[in-house]
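Tertiary structure, described
Each chain is listed here by its residues.
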Amino acid sequence: APHTKPSIVPAQCLPMQGKLLKLKEMFISKFGSAPKFYARAPGRVNLIGEHIDYCGYAVLPMAIEQDILIAAEPVKTQIVHLANTNPMYRDFSTSTNNIQINQTKPLWHNYFLCGLKGIQEHFSLISPTGMNCLLDGTIPPSSGLSSSSALVCCAGLVTLTANGKTLSKVELAEVCTKSERYIGTQGGGMDQSISFLAEKGTAKLIEFNPLRATDVRLPSGVTFVIANSCVEMNKAATSHYNIRVMECRLATKLLAKSKGLGWRAMLKLQDVQSNLGVSLEEMLTIAEEIFHPEPYSIEEICKCLGISLEELRTQILSQNTQDVTTFKLYQRALHVYSEAARVLEFRQICTEAPNNAIQRLGDLMNQSHASCSNMYECSCPALDQLVDICLKSGAVGSRLTGAGWGGCAVSVVPTEKLKSFLANVEEAYYKTNGQRLAPEKNSLFATKPGDGALVFLEGESM
Ligand code: GLA
């Protein structure tokens, strides 16, 4: 139900007792007192529907077991002290009255501050409580499994709980989607939504505007396997991601203008489809007719829209797309409309579970990867190679997952072939390059749909 709140459970009911105990001990040695509660928010793997959430289209992710876990204690001062169990990530303190989020250097604590600031602003908190927080993360960073959004979501949930407020899962997802933009990326909301709305045992179709999640039961006999290319990509530190968001926005405006729609108010490719009242297939034909495959210069874009360069720069282009001189509109629009159709087909196959379900899901994932790689240009050579190896190792389908330009591939593998698949991929991708197995050896693993974000109370003390 959309109005449900994240569960609050007593900490002693958890399967992860050992982990909590260790975190509690570290917390006590760091801050000199015990945590009052814990919050966790999972990472995710997107099965299909890449780079379409910010265009208004439904996506199909599931939560993974790997998560961000934070032990927290509200304190009387207005200071937030942040510490991380991983010594690579430095301690950080700030006053809650003066939250500064550094976009040029997206260090770990800046993601925490996004979640904190989101809750503060949502409730217009004048004097939010200070906190001691110790964070433990198991999601490999910059790998397309949404470690950054899990951190923003977990920080949002911690801040909410520490300030004695409540929100529904949907509201939390919306607040955290908005607040992650303080880091500078124009994300579409998939990651935050699945982190809060996930349920064990089922993938979810996430639809936007209004935000909702529907169960998608995966067919029996298949296993989804995540393989990390070990090429790191940080969305906030590069401009690739925001350029794609802008290309889709410009494509929206040009399509709308050429169809005589009020293009100034339109931001998403889905807006054009709903205004025209046509199918995704028809949108593909329209986009093919209207756009040319050659990149558009900013001058040509201005000419098509009938505006000045000045207006384009100040009214449409975002801060980090100001210096881009050409945009690919044909390729990006075709990717988005075709990918949106693949998501709906994927869901339908899961619902109907025909005999050849695995093969058909695999085909869709392969088409998705080809489109991401060729039309959206969000893959990279190592990731293309990994997808190839996965297919040769027994996967029926394989594709990049998350933003891309590095990070992970997700493969659909018949469960009876899982063992040989893992051995083959290990041999062909990882053993050929020692650096790829390091550091935590968590580069290749089978995964099942996990649970969404939760708060656990320590004893009876809250
Ligand atoms: C990142 C963003 C999401 C989504 C994906 C690409 O994970 O945070 O909103 O756009 O990239 O599908």
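Residues numbered from 1 in each chain as written. Predicted model: local features only at pLDDT ≥ 70, side-chain atom pairs only at ≥ 80, totals over all residues. Heavy atoms only, no water.

Right, let's talk about the site of the ligand for a bit. Glu-50, His-51, Asp-53, Asp-191 and Tyr-241 are the nearest of the 14 residues found near the ligand. His-51 is positioned with one of its backbone polar atoms (N or O) 2.7 Å from an oxygen atom of the ligand. Taking 310 Å² as the accessible area of the ligand by itself, protein coverage stands at 98%. Its residues assigned to classes, the shell around the ligand comprises four nonpolar, five polar and five charged. (Near = heavy atom within 4 Å. Polar contact = N/O pair within 3.5 Å; in protein donor to acceptor, adjacent residues only side chain to side chain. Areas by Shrake-Rupley, 256 points an atom, 1.4 Å probe, with all protein chains shown as cover. Nonpolar A, V, L, I, M, F, W, Y, C, P; charged D, E, K, R; others polar.)

The next thing to look at is the pairing of strand E9 (residues 222-228). Counting buried residues along E9, seven of its seven residues qualify, which places the element largely inside the surrounding structure. Every second residue of E9 is oriented toward a common face, with Val-222, Phe-224, Ile-226 and Asn-228 on one face and Thr-223, Val-225 and Ala-227 on the other, all of them buried. Bridge count between E9 and strand E14 (residues 444-447): four bridges; the pairing is antiparallel. Within E14, the residue paired with Val-225 across the bridge is Ala-446. (Buried < 20%, exposed > 50% of the residue type's maximum accessible area, 1.4 Å probe, protein only. Helix = DSSP H or I, 4+ residues; strand = E, 2+ residues; numbered from the N terminus. Pairing = 2+ DSSP bridges.)

UniProt's entry tags residues 110-197 with the feature "domain: GHMP kinase N-terminal" (unreviewed entry), counted in the numbering of this structure. With 56% helix and 9% strand, residues 110-197 has end C-alpha atoms that lie 24 Å from one another. (UniProt positions renumbered as here; feature names shortened; annotations may be inferred.)

Here the focus is helix H3 (residues 147-162). In this model H3 runs 22 Å from its N-terminal to its C-terminal C-alpha over 16 residues, within 8% of the 22 Å that 1.5 Å per residue would give. Among the 16 residues in H3, 16 count as buried, and that is most of the element. Just past H3, the residue Gly-164 takes up positive phi, approximately 65°. (Expected span 1.5 Å × (residues − 1).)

Counted under the stated rule, the structure contains 19 salt bridges. The partner of Asp-67 in a salt bridge is Lys-19, with the nearest N and O atoms 3.7 Å apart. With Asp-67 in strand E3 (residues 60-75) and Lys-19 in helix H1 (residues 17-31), this residue pair connects regions lying 48 residues apart in the sequence. Take Asp-67: its relative accessible area is 4%, and that puts it in the buried class. Three or more residues joined by partner-sharing salt bridges are found here, namely Arg-244, Glu-247, Lys-328, Arg-332 and Glu-377. (Salt bridge = Lys/Arg side-chain N within 4 Å of Asp/Glu carboxyl O.)

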